[in-house]
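Residues per chain are reported as follows:
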Amino acid sequence: MNKYIFKNVKYIRNFLIVLGILSVIATITGIIIPYFNGVFVDVLIYTQDFNSIIKLTMLIITIGVVDVVFNYIYNLTYIKVLNKVVYRTKMQLIEHLRRVSYLRLSKLNPVYLNQRINIDVIAVFQFFIENYITCFMMVIVIILEGYMVFRVNVLIGGLVVLFVPVYVVIYLYLKRPLYEKNIYYKEEQNIFFHKINDQFALLKSIKINADFAKNNEAMDNSFRVFLKKTIDFNKISFLFSSCDSVVSLLFRSIMYIIAGCEIIKKNLTVGEFTMINAYFSLLLTQIRYFFNLGKKYQDAKSSYDRIEELLHIPKESNGNQVVDQINEITLDDISFRYDLNSTMLLEKVSYKFEKGKIYGISGVNGVGKSTLINILIGIINEDVSGEVKYGSNKLQDMDMYEVRREHIAVMSQEFESGFDVTVSDLLCANYPGFGQDGIDKSLKQIGDLNLLFDNEMSLADLWRKRIKDLSGGEKQKVSLVWCFLKDADVLILDEPTANMDRKSIEVVKRILKDMVKEKIIIVVSHDKSLFEVCDKQIDLSSN
């Protein structure tokens, strides 16, 4: 994680310098305003010089305006910097997780993972950006303000010196429980919001089965656990804050007693008391800053550790061999099961897939059809016994990211674009060199593809529709178009004719026969009519 932080700090270093300068200016104005306020009070009471009052008033106003302007610029710059570095770090984490084994990644719920990354990345960089210069500046300010207080009155200055160790003792006592309760709270918070998301994701199933009471009970149980962790964390957090308030009140009360006595003895003027009171308040704030810095550090540390946990998930292996084209894929004695406690899903499976042929894969649900495809294209590449070869190259030696990107087109059962976009945007984004006219021209060259779209639902009608608004049949046809446009060496179609009428199925069969000469085509389907165009049918149920 350190390399991610340093890399991203370097990325925003210019912004950090600007924030540092603005912070210094704001700090200086914060120090000098109380001094001039005290001088103003003494001039008002003791000299009563009108010109001095006007000059001091204008000076205080000017300093105040400067303080407001620079704080405004600081806050806008801070928001910009924070959002830029948080987005950059999130994308780096996403990029890392994209290269994690599919089997490992599939065990992490996406909603839980998204919220976890969002909360933790913000917490880490918010802590760093807010405190990288502030922490140093606060030390300098405490020394300067302490000096100012000592210079005016030694007794009150001594009180400030006694004030600091009390906070240190409290923090050292509470820091460990703060960290532990915080990390438990964050974890349970992610889990609870994942459960809430499930209620919406499974809404159709819940309505079909009308099992509202069962789902309410599950949510109630989850909430009880979440509430307990929330209360446990806030107990220690409120105890921390309460100690802060009690200590601040105690020392302020002692300061008032000392200051009152000093004024009565004429060792302190009212203006000096105003100045000391302001500086004492600032000192309380700044010492409280360090007190709360410990609390925020534990929060940031727990987030940092959770990010580290994700970054320690090892990446999947990926070779470096590339090929110009794929003419043959061989599966040799492939065996696989998802975990040691499950039965063997695939056992001693051996097939050869050659260019110029269409292969049909059939079998009952759960027999391993999708798993076999995932092994064949390297999505599942752990705990697989046997060997997959592309020509003479072993799969583990090949750069399968490059192979899948350039040579394989996969139509999955659940067509997803990844973004809420139109059909036109999707196709043009995946094939930027084409443009809409180029895509239209390419589609016309793919045999009978235009026959998939009748007068009631032409491709032109679909062109501006959003993916999420398409019907099941429309999604199937758009997904086919996407695969055909890629013009890959290997075409894998998972249930390509689901939700299609008989006329459309016949069109798909003709297109596959026209395309097969230059491709390896693998069709996974329950539609027996599709196997009429297959050169070989593989029934996994019989293995």
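Residues numbered from 1 in each chain as written. Predicted model: local features only at pLDDT ≥ 70, side-chain atom pairs only at ≥ 80, totals over all residues. Heavy atoms only, no water.

Novice: Break down the packing of aromatic side chains for me, with residues and values.
Specialist: Within the structure shown, the criterion is met by 12 aromatic pairs. Note on tyrosine 256 and phenylalanine 273: the rings are 6.3 Å apart at their centroids and 55° apart in plane angle, and the pair reads as tilted. Of this pair, tyrosine 256 sits in helix H9 (residues 212-264) while phenylalanine 273 sits in helix H10 (residues 270-311), placing them 17 residues apart in sequence. Owing to a relative accessible area of 38%, tyrosine 256 belongs among the partly exposed residues under this scheme. Chaining the aromatic ring pairs together yields one cluster made of Tyr185, Phe192, Phe193, Phe223, Phe226 and Phe233. Between the NZ or CZ atom of arginine 99 and the centre of the ring of tyrosine 401, over which it lies, the distance is 5.1 Å. In this arrangement the basic side chain of lysine 229 is found over the ring face of tyrosine 184, its NZ or CZ atom lying 5.2 Å from the centre. (Phe/Tyr/Trp six-rings, centres within 6.5 Å; stacked < 30°, edge-to-face > 60°. Helix = DSSP H or I, 4+ residues; strand = E, 2+ residues; numbered from the N terminus. Buried < 20%, exposed > 50% of the residue type's maximum accessible area, 1.4 Å probe, protein only. Lys NZ or Arg CZ within 6 Å of the ring centre and 35° of its normal.)

Novice: If you had to explain the sheet that holds strand E9 (residues 536-539) to someone new, which residues and values would you point to?
Specialist: With parallel pairing, the five strands of this open sheet are ordered in space as E6-E7-E8-E3-E9. One side of each edge strand has no neighbouring strand; the edge strands of this open sheet are strand E6 (408-411) and E9. Here the average twist between neighbouring strands, direction ignored, is 15°. Strand direction decides the pairing type here: strand E3 (residues 357-362) and strand E8 (residues 520-524), joined by five bridges, are parallel. Each residue of the ladder has a partner; that of lysine 357, found in E8, is isoleucine 520. Packing against the sheet, helix H16 (residues 472-486) makes contact with E6 and strand E7 (490-494), and its axis sits at approximately 175° to E6. (Pairing = 2+ DSSP bridges. Axes fitted to C-alpha atoms, helices over the stretch in contact; angles between N-to-C directions. Contact = heavy atoms within 4.5 Å.)

Novice: Can you tell me about unusual backbone geometry, naming the residues and giving the values?
Specialist: Residues other than glycine seldom take positive phi values, yet lysine 266 does so here, at roughly 65°. Structurally, lysine 266 is set in the loop between H9 and H10. A positive phi angle, close to 55°, is found at aspartate 333, a residue other than glycine. The topology assignment puts aspartate 333 in strand E1 (residues 328-336).

Novice: Explain the packing of helix H6 (residues 134-152) against H10 to me, using residue names and the numbers behind them.
Specialist: The description of two helices packed together rests on the angle between their axes and the distance between the axes. Remark: H6 packs on H10, axes separated minimally by 10 Å, with the N-to-C direction vectors making an angle of 150°. It follows that H6 is roughly antiparallel to H10 by the angle criterion. Here the hand of the crossing between H6 and H10 comes out left-handed. Contacts between H6 and H10 involve Thr134, Cys135, Met138, Val139, Val141, Ile142, Glu145, Gly146, Met148, Val149 and Val152 from the former and Glu272, Met275, Ile276, Tyr279, Leu282, Leu283, Gln286, Ile287, Tyr289, Phe290 and Leu293 from the latter. Across the contact of H6 with H10, the residue classes break down as 17 nonpolar, three polar and two charged. (Parallel < 35°, antiparallel > 145°, perpendicular 65-115°, else oblique. Left-handed = near helix turned anticlockwise from the far one by under 90°. Nonpolar A, V, L, I, M, F, W, Y, C, P; charged D, E, K, R; others polar.)

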